[in-house]
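Take a look at the letters that make up each chain.
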Amino acid sequence: MNTSTLSKASKRIHTPLIFASLVLLSGCTTVFDTPPKPPPGLEQASTTEGVPTIETLRSLSTSISGSESLSASIHAHRLYLRQHPNDKATWTALANQLILKGTAHTEEKNAKRGHFLEAMSCCESAMRLDPAFATARDGGTPVWEAVSTLGKDDMDPMLFWATAILYTFREGMHLPMKIANVKWVDYADQVFVHMETIDRTWKGGAIPFSRGIVKIALPRSKGGDREKGLEWINEAAEMSQDWMLCHWGRAKYAYPYTKNRQQREGDLRKVLSLDIATPREEPYWRRYFQNDARNMIEEMQKDL
């Protein structure tokens, strides 16, 4: 047997061994199985600080344009929730801002994961304000099954809870941790499936878009289907009207598979053509989408 043959045989043996080792190592790296602790900022905030008003929170949220203003808004939301823990909208807004903090203004994976897990905890706090959901959770029903008790008033916390899982999986984990936690991507999809039964066209296609991302992310052995995922993302983009998410997301997440440069550029130009002030996604997300769209267009132009 020559050296080349030995090398090929070694690779055939080595690859499954590496994968098996990663699976075994990953048993110590699960991050979701232990319920998230209460948002840490609520305990850390100084009791000597004044509690902001709802008007202050709205003003801070509207003015978010970068890391510092986002952090100031997050801090204010935590302070408010110490005194008003039954405010569903504020729990949901804090979760939304933590997700943006994690993906757009944090570099290190552990720190990203911390923001996303706190967002999940905030979403559950919002959903627990529904008595039937709280009863189900207290009885041991997992979130992805307990959401069957929820309706349209809880679409946002359901969306952000599941979205935080996808961001944790995509940006907050190394490979062994992803292997250990892959089932959680399916749990997120179970929440999206329930939301679909309430209103599939909600928020300009956010639900089929998110389900498309799940189908792309999962391996085929776990229910993944790239073709179906891309189909759903395209369908979502057709629903989007003047929402930005689906066009931005198709340009960012579908393009690596489709290589459809014309479609990508059209999506990015669409995002840039929309008015940030239009009451769709929160203004801070619309600013982020447009800034990211500009960066993607610049990258495309460099490749010409």
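Residues numbered from 1 in each chain as written. Predicted model: local features only at pLDDT ≥ 70, side-chain atom pairs only at ≥ 80, totals over all residues. Heavy atoms only, no water.

Caption draft 1: Looking closely at the overall build of the chain. The helix and strand tally for the chain stands at 16 helices and zero strands. Contacts in the chain between residues at least 24 apart in sequence constitute 65% of all its contacts with a sequence separation of at least 6. Carbon and sulfur atoms make up 52% of the accessible area of the chain, which totals about 15,200 Å². (Helix = DSSP H or I, 4+ residues; strand = E, 2+ residues; numbered from the N terminus. Contact = heavy atoms within 4.5 Å. Areas by Shrake-Rupley, 256 points an atom, 1.4 Å probe, with all protein chains shown as cover.)

Caption draft 2: The packing of aromatic side chains, seen in detail. Taken as a whole and assessed by the stated rule, the structure comprises 12 aromatic pairs. Ring centres 5.5 Å apart and planes at 25 degrees place the aromatic pair F116 and Y167 in the stacked group. Taken together, the positions of F116 in helix α6 (residues 109-127) and Y167 in helix α9 (residues 155-171) put the pair 51 residues apart, joining distant regions of the chain. Neither F116 nor Y167 differs from the other in exposure class; each is buried. Ring geometry for W285 against Y288: centres 5.7 Å apart, planes inclined by 80 degrees, an arrangement best described as edge-to-face. Note that W285 and Y288 are positioned in helix α16 (residues 283-302) at a spacing of three residues, about one turn of the helix. Classification of W285 as buried rests on a relative accessible area of 9%. (Phe/Tyr/Trp six-rings, centres within 6.5 Å; stacked < 30°, edge-to-face > 60°. Buried < 20%, exposed > 50% of the residue type's maximum accessible area, 1.4 Å probe, protein only.)

Caption draft 3: Local environment of the confidence of the model for the chain. Scored by pLDDT, the chain comes out at a mean of 89, with 85% of its residues at no less than 70. In this model residues 3-28 is a low-confidence stretch, pLDDT under 50, and it forms 10 contacts with partners more than four residues away in sequence or in other chains. (pLDDT = per-residue confidence, 0-100.)

Caption draft 4: The packing of α6 against α9, seen in detail. Between α6 and α9, whose axes approach to 9 Å, the crossing angle comes to 165 degrees. Relative to α9, the element α6 lies roughly antiparallel. When the axes of α6 and α9 are compared, the crossing they make is left-handed. Contact residues: K109, K112, R113, F116, A119, M120, C123, A126 and M127 in α6; P157, M158, F160, W161, A164, I165, Y167, T168 and E171 in α9. Each residue belonging to the contact of α6 with α9 can be placed in one class, and the counts come to 13 nonpolar, one polar and four charged. (Axes fitted to C-alpha atoms, helices over the stretch in contact; angles between N-to-C directions. Parallel < 35°, antiparallel > 145°, perpendicular 65-115°, else oblique. Left-handed = near helix turned anticlockwise from the far one by under 90°. Nonpolar A, V, L, I, M, F, W, Y, C, P; charged D, E, K, R; others polar.)

Caption draft 5: Local environment of the side chain of T168. Along the polypeptide, T168 turns up in helix α9. Ignoring sequence-local partners within four residues, the contact set of T168 consists of F32, R113, F116 and M173.

Caption draft 6: Looking closely at the packing of α9 against helix α12 (residues 202-217). Following both chains from N to C, one finds α9 and α12 inclined at 30 degrees, their axes separated by 12 Å at the closest point. Between α9 and α12, the crossing angle belongs to the class labelled roughly parallel. Regarding α9 and α12, the two cross each other, and that crossing is left-handed. Within the contact between the two elements, α9 uses M155, D156, L159 and L166 and α12 uses W202, K203, I207, S210, I213 and V214.

Caption draft 7: Structural context of the pattern of salt bridges. On inspection of all chains with the given rule, the structure shows 19 salt bridges. Two residues, R200 and E196, come together in a salt bridge whose shortest N-O distance is 2.7 Å. Look at R200 and you get partly exposed, because its relative accessible area is 24%. Through salt bridges with shared partners, a single ionic network connects D189, E196, R200, R211 and E235. (Salt bridge = Lys/Arg side-chain N within 4 Å of Asp/Glu carboxyl O.)

Caption draft 8: Region of the structure containing the nonpolar core. M127, W161, F192, M195 and W248 are the most contacted members of the largest nonpolar core, which has 78 residues in total. No other element matches the 11 residues that α9 contributes to this core. Excluding anything up to four places from it in sequence, M195 contacts M155, M158, L159, W202 and I207. (Core = buried A, V, L, I, M, F, W, Y, C linked by side-chain atoms within 4.5 Å.)

Caption draft 9: Looking closely at the environment of D267. In this fold, D267 is placed in helix α15 (residues 261-273). Judged by relative accessible area, which is 2%, D267 ranks as buried. In the structure, D267 is positioned 16 residues away from A251 in sequence and 6.1 Å away in space, judged by C-alpha atoms. Ignoring any residue separated from it by four or fewer positions in sequence, one finds D267 in contact with H247, R250 and A251. Reaching out from D267, the side chain makes a polar contact with the side chain of H247 at a distance of 2.7 Å. (Polar contact = N/O pair within 3.5 Å; in protein donor to acceptor, adjacent residues only side chain to side chain.)

Caption draft 10: Focus on the environment of T258. For T258, the location among the structural elements is in helix α14 (residues 245-258). The exposure class assigned to T258 is partly exposed, which follows from its relative accessible area of 33%. On a C-alpha basis, the gap between T258 and E227 in space is 9.9 Å, while along the polypeptide they are 31 residues apart. Not counting residues up to four positions away in its chain, the partners in contact with T258 are L230 and Q263.

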